[in-house]
Amino acid sequence: MSVDVTGVDRDTLVRPIRTVSTRYLAALSVALGMIGVWLFFYLQQLRHGLIVTNLADWGSGGGVPWGLYIGAFIWWVGIAHGGIILSAAVRLLGMDTYQPVARLAELLTIAALTCAGIFILIHVGRPDRLVTSVIPAWPTRVQWSPLMWDVTVITAYFVLTATYLGLTIRYDLHRLRNRLPNRLDPIYDVLLVGYSETEDAVVERMVWWIAFAIIIMAPLLLHGGVIPWLFALLPSMAGWAGGVQGPSFLSIALTSAVSGIIIVAAAFRYAYGWAELIPEAVFRGLGQWLGFFSLLFLWLQLQQVITGIFAAPTTLQHATEVKIATPLYWVAIGVVALAMLYVFAASLRPSLFSLPLLVALSVGVLAGTLIEKVLFVVEGLMHAHFDLYAGVPGAYTPSAVELSALVGTVGIVVLFFLVVSKVIPVVELHAIEDHGEVEG
Amino acid sequence: MSTDDDIDTPPDDEERHRRLLDETDYDTDLGLELARDAQRVTAGELSEAAFYRRYHDRIVEEFEMDDREIDLPDPDALAAGEGGDGGVGDGSGDAGGFLDRLGDALEGFDPDDGESRRSVMKKGAAAGALALGGLGSTGGAGPGDGTAAGAAGSGEEGDGTRWGMTINLNNCDGCLACMVACDQEHNLSRGANWMYVFAFEDENQGEETNFLPRTCQHCTDSPCTKVCPVGARHTREEDGLVLTDYDICIGCRYCEVSCPYGVNYFQWGEPDVPESEIDDDHQIDDRGRWVGSRPPEGVMGKCTFCVDRQDGQMGEEKIGTTACEEACTMDAIHFGDLNDPESPPNRHLREYRESQENDRSDYPNRKEHTVSTFQLLEERGTDPNVTFVGNAPSQDARQVDGPVTYEEMGLTDNRKEVLDQGAEAAGGETA
Amino acid sequence: MTAAPAALPPLLALASLSAPLPALPLLAGSADYTLPFVGPGTYLIFGIVLLPVYVMVGAWFLGDPSDRFANLLGVGYLAGLTTVLWGSLLVATLVIGAVFF
Ligand code: SF4
Ligand code: SF4
C-alpha cells in the first residue's frame, strides 16, 4: 500500500513556515496559558514542598509515595515511541506510505521525552540536586539502581533521536533554503555547517544505523525493559513484580504512541490544508496499527488479570481483585477496546472510516493508557506485601497541583510543535520528491 | 596463643613505623610505645587499666586531651576473649571503637566539627594505624567461637561491629514509650513514626492482642540501598547501619517504594523542628556525613539506630544504646553489636532461651528451649538485623487499637491526615 | 599464624595513610555490608542496552560509503546533545536551588 504524494510542490511543504494566522496565535496563547496554569501550581510546590500534592508515605502513613507524576512520566515515554515506530517503518522496512508523518513523529518523540523529564524533575523532593547528585553518582550507581538505568537509556534515546533529526534535516534545509525566511539564517547556518551534497549518501547510511540502534534500544530495552523493571524488580509490591510487565508496558507504549501520531498528523493536516500531503491512506494505515497494538494491550491485561485471580498469592489476588473492581480501570480497557473494534470494522468496511472519529478515539486511547499507568503505579503501591498496617491499602487522588502538570506538559508539546513548525519543514522533502531528484 | 615474637614489633617494621610517625606532628616515641603496649593489651599481658594509667599523663601533655578513658573495654571480657570464649569480633570490635578515639586523641579531635574528623584520619593515620595493627592482628589470631557469634541475626560471623536488635514481643505491653522517645530524640515531624508499635490480633494466635515494635530492619541485603539512584541510602561500612545522606538524597522515594517493611518517612513539607534547634552532634556522623536526626524538607528519613549515639556524640555511655531501648521498661528491646556474643541482643536471646527450657527428659527429640524467633518477611532475603522473639503475625493478622492509643501519647498514627492539613495550609498563605 | 601478624601492621599503616580511600566506591565492595562495584547494571547497561550504540558508531566508521566529516559530525551531535541536555538541566536546577532551597 503505497501512496504517491510526489505531485505536491515545495511551497506546500514550507507553508507552515511562511504563514502566521490568527488561529496560530490563538493556539499559541492557549499553549502558553496551559503552561502558565501549571507554573502557577508548580510554584506552590517549590515553595511548600511536595506536601501540596496528595502523596504520602505508605505503611503507617496511609498513603502512596508515587502517584500521577510517575504515571504520567511513563505515559510520556510511551508516547515518545511513536517517532521510532514511524522512522523505522520508513527507513528500515521501506514503508514509504508513512514518510509524510515520519518527521512529525520524531518531533513528537523529542517533545514527549522532554515532558517525561519534566515529570521526573517535579516528582523529586530536591529538584535542585537532580544534576549535582545524579552525575557524580552515575559511574557507581548505574551498576545497581534501576532508576539510573532509566536516566541512562532515556538520555540515549533522546540524543539518538535528536541526532537523527539533526542529520536528516540538512538535506531538506539545503534544498529549501531559498524558501525559508532570512531572519532565521543564523539557525540554518549552524544546522547546515559543512554541508555538501556529497554527504547525502553517507548520511543516508548513518541514519539507517541510528534507526537500527533506536529500534532495538527504545522499544525493547526502554519501554520493554528499564521502565517496567522499575516496578517489576520489586517484590515488595504485589501488583508490580513479574516478567509480564515488560511486554505489557511495551504494548501500552505502542498503543499510545500511534494515537499520539494520529492526533498530531491530523492537526497539521487540518491546520495547513495538507489533505494532499498527508492523505487519508496514512491514517487508515496508522489506524490499523492502533488496532493491532490495542489488541496486544488487551491481551496482556487479560494475562495479568487471570493470573492474579485464579490461584495467586493472597496479596496479588487482593490487588487484582481491587483492580478489576475499580470502575476507572474498565474505562481504560473500554476506550482501548472501542478503538480496536472500530478500526477493525473500518478495515472490513472502508466506508466506515472517518478521520475525526479516529482522532477522537485516539484521544480516548491516550486518556485510557494514562489512566492505566496511574492506576498501575498507585494500586501497585496500595497493596504492599506487608499489609499488617491499618494504613495499607492507602488512599490517593491526584491533587490540583499534580493534574495541572498534565495540562502544562500537553501545553509544552503544543508549544513545541507551534515553534518548530515555524523553523524547519515538519515533513521531509523525500515525501514529495524521490531521492536523487535534486535541484535548487 | 601468641608468643613474644609476634607481639613485639620486629625491628625493621619498627623502623618503618618510626618513619611514618616522624611525618606526623606528634611524638614519635610515644606513638611507638603506645602501639607496642596496645599489642600487649590485646595479648593479655597488660591490663587495660594499666595501659591507660601508663600513658595518661603523656597523652594529655602531648595532645591536651585524653578521651581513651571513657570507653575502656571491660578487661574481664577481653581476657575471656583471649581465653577462647569470645568471638573474633569481640576484640576487634572494641578495638575499633577504642582506637578510633585514640586516633582522634592523637589529632586533638574536635567533636563539633565533622570535617575535622576526616582530616584526623588522614593526618593522624600513622600513629593510629600502628596501634590498630597491633590490636587487629591479635584479634585475627584469636580463636573464633561459632556458637556464640551470631546467636541473633542472620548467624553470619563477621569482624567489626554489626548493630542490631533483639525485640522480645512477649515482653512488650504496647505502652508506646519507645515511639515517644524516638520521636523526641530525633525531632521527628508528626506522624513520621520511625519507631512504630503495632497492636494486632491474629486469629491464629488466640484472642489476645499482640504487639510488634517496628524499626528499620537495617537489612544486610537491603533493597533500599540497591535502588537508590544517587547512593544517598547506603550501608555504613564500619557497622552495617543503613543510613540516608541528607546532603545527597534527591527525594525520589525509590527506597521507600522498594522497602518491604514500610519504614521510610519522606519529609513532604517543612520539618516540625527547625534546623536551628538541632545540634550538629545529632546530625553529622563520624565520617562527617549528614545522616542523623530528622531529614530536611524534600529528603527521605527513617530509623537510624540512633547513629549519633553509636558514634559517641551523645557521650560514651550512650554507645550501644538506642532511645527506644532506653525508654522500654518492659525489657522488650535489646540493642547492641550482633557480632559480640555478650552484647544485649545476643545475651538476652541466650538467657531467654535458657529460661524457657523444653522438657527433654520425656521427649529427648525436642529442641532445648521453647522460644520461637523470627525476622520480618524473612523470605524476602533482605537479611534483617532485627530479630523478634515471639510469634510472627500471620497473613490474617490485623492491626487493632492497643491499650494505649497513639493520640494519648501525643503521637500521630496516620500521617496522611497531617499532610492533608499541611496541603490545605500551604494552599492559603505561606506555611 | 606467627608470620601474619608481624606483616599486618605495616600494611595497615600504609592503608591508613591513605585513609580517605575507604570512602571511595571502588573499595566499597571489600566490606561485607556494602554493595560490590559490579552489579546487574554493569552487564545490562554496558553489555546489552548500549550495544546498539556501539554497533551504530562502529558501522558509521567502518562501512561504505563513509565520510570523515559526516561521521565526526554524528559523534559531535551525540556528545554535544548529551552535554546540552544535562548542561541546560544543570542551569535549571541551579536556578531552582538558588531561588527555593
Ligand atoms: S527495613 Fe527497609 S529501609 Fe530499612 S534497611 Fe531494610 S529495606 Fe532498607
Ligand atoms: S529518596 Fe533519597 S535515599 Fe531514597 S532512593 Fe531516592 S535519592 Fe535515594
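Refer to the preceding data block for the structure.
Residues numbered from 1 in each chain as written. Chains lettered and ligands numbered in written order. Predicted model: local features only at pLDDT ≥ 70, side-chain atom pairs only at ≥ 80, totals over all residues. Heavy atoms only, no water.

## Some words on the environment of A:Gly243
Residues and elements named next belong to chain A.
Step number 1: Within the element layout of this structure, Gly-243 appears in the loop between helix 9 (199–232) and helix 10 (245–271).
Step number 2: Given the relative accessible area of 69%, Gly-243 is considered exposed.
Step number 3: Sequence spacing of Gly-243 and Thr-97 is 146 residues, and the spatial spacing of their C-alpha atoms is 35 Å. (Helix = DSSP H or I, 4+ residues; strand = E, 2+ residues; numbered from the N terminus. Buried < 20%, exposed > 50% of the residue type's maximum accessible area, 1.4 Å probe, protein only.)

## So, the site of ligand 1
Step number 1: Among the 15 residues in the neighbourhood of ligand 1, the closest are listed as B:Cys216, B:Gln217, B:Cys219, B:Cys224 and B:Cys259.
Step number 2: When grouped by side-chain class, the residues that make up the shell around ligand 1 number nine nonpolar, four polar and two charged. (Near = heavy atom within 4 Å. Nonpolar A, V, L, I, M, F, W, Y, C, P; charged D, E, K, R; others polar.)

## Re the interface of chain B and chain A
Step number 1: Between chain B and chain A, the contact holds 60 residues from the first and 51 residues from the second.
Step number 2: Taking both sides of the interface into account, the surface hidden between chain B and chain A amounts to around 4,400 Å²; carbon and sulfur atoms contribute 57%.
Step number 3: Considering only the surface of chain B that becomes buried against chain A, B:Tyr254, B:Val257 and B:Trp268 emerge as the three largest contributors, covering 16% of it.
Step number 4: Where chain B touches chain A, the interface holds one salt bridge.
Step number 5: Note that A:Asp57 is salt-bridged to B:Arg415, the shortest N-O span being 2.4 Å.
Step number 6: At the surface where chain B touches chain A, the tally comes to 34 residue pairs in polar contact (both at pLDDT 80 or more).
Step number 7: Secondary-structure elements contributing two or more residues to the side of chain B that touches chain A are strand 2 (196–201), helix 10 (223–227), helix 11 (254–258), strand 6 (265–266), strand 11 (398–399) and helix 16 (415–427) of chain B.
Step number 8: Ranked by residues supplied to the side of chain B that touches chain A, first place goes to helix 16 of chain B with eight residues. (Contact = heavy atoms within 4.5 Å. Buried area = accessible area lost by both parts, 1.4 Å probe. Salt bridge = Lys/Arg side-chain N within 4 Å of Asp/Glu carboxyl O. Polar contact = N/O pair within 3.5 Å; in protein donor to acceptor, adjacent residues only side chain to side chain.)

## Re unusual backbone geometry
Step number 1: Following A:Val392, the chain continues to A:Pro393 via a peptide bond in cis, the omega torsion being 0°.
Step number 2: Cis geometry marks the peptide bond from C:Asp64 to C:Pro65; its omega dihedral reads 0°.
Step number 3: With respect to the element layout, C:Pro65 can be found in the loop between helix 4 (51–62) and helix 5 (68–100).
Step number 4: The phi angle at B:Asp331 is positive, at roughly 60°, despite the residue not being glycine.
Step number 5: Examined against the element boundaries, B:Asp331 turns out to sit in the loop between helix 14 (323–327) and strand 8 (333–337).
Step number 6: Phi at B:Leu377 is positive, roughly 45°, even though this residue is not glycine.
Step number 7: Along the chain, B:Leu377 turns up in the loop between strand 9 (373–374) and strand 10 (386–389).
Step number 8: Note on B:Leu377: relative accessible area 14%, which makes it buried.

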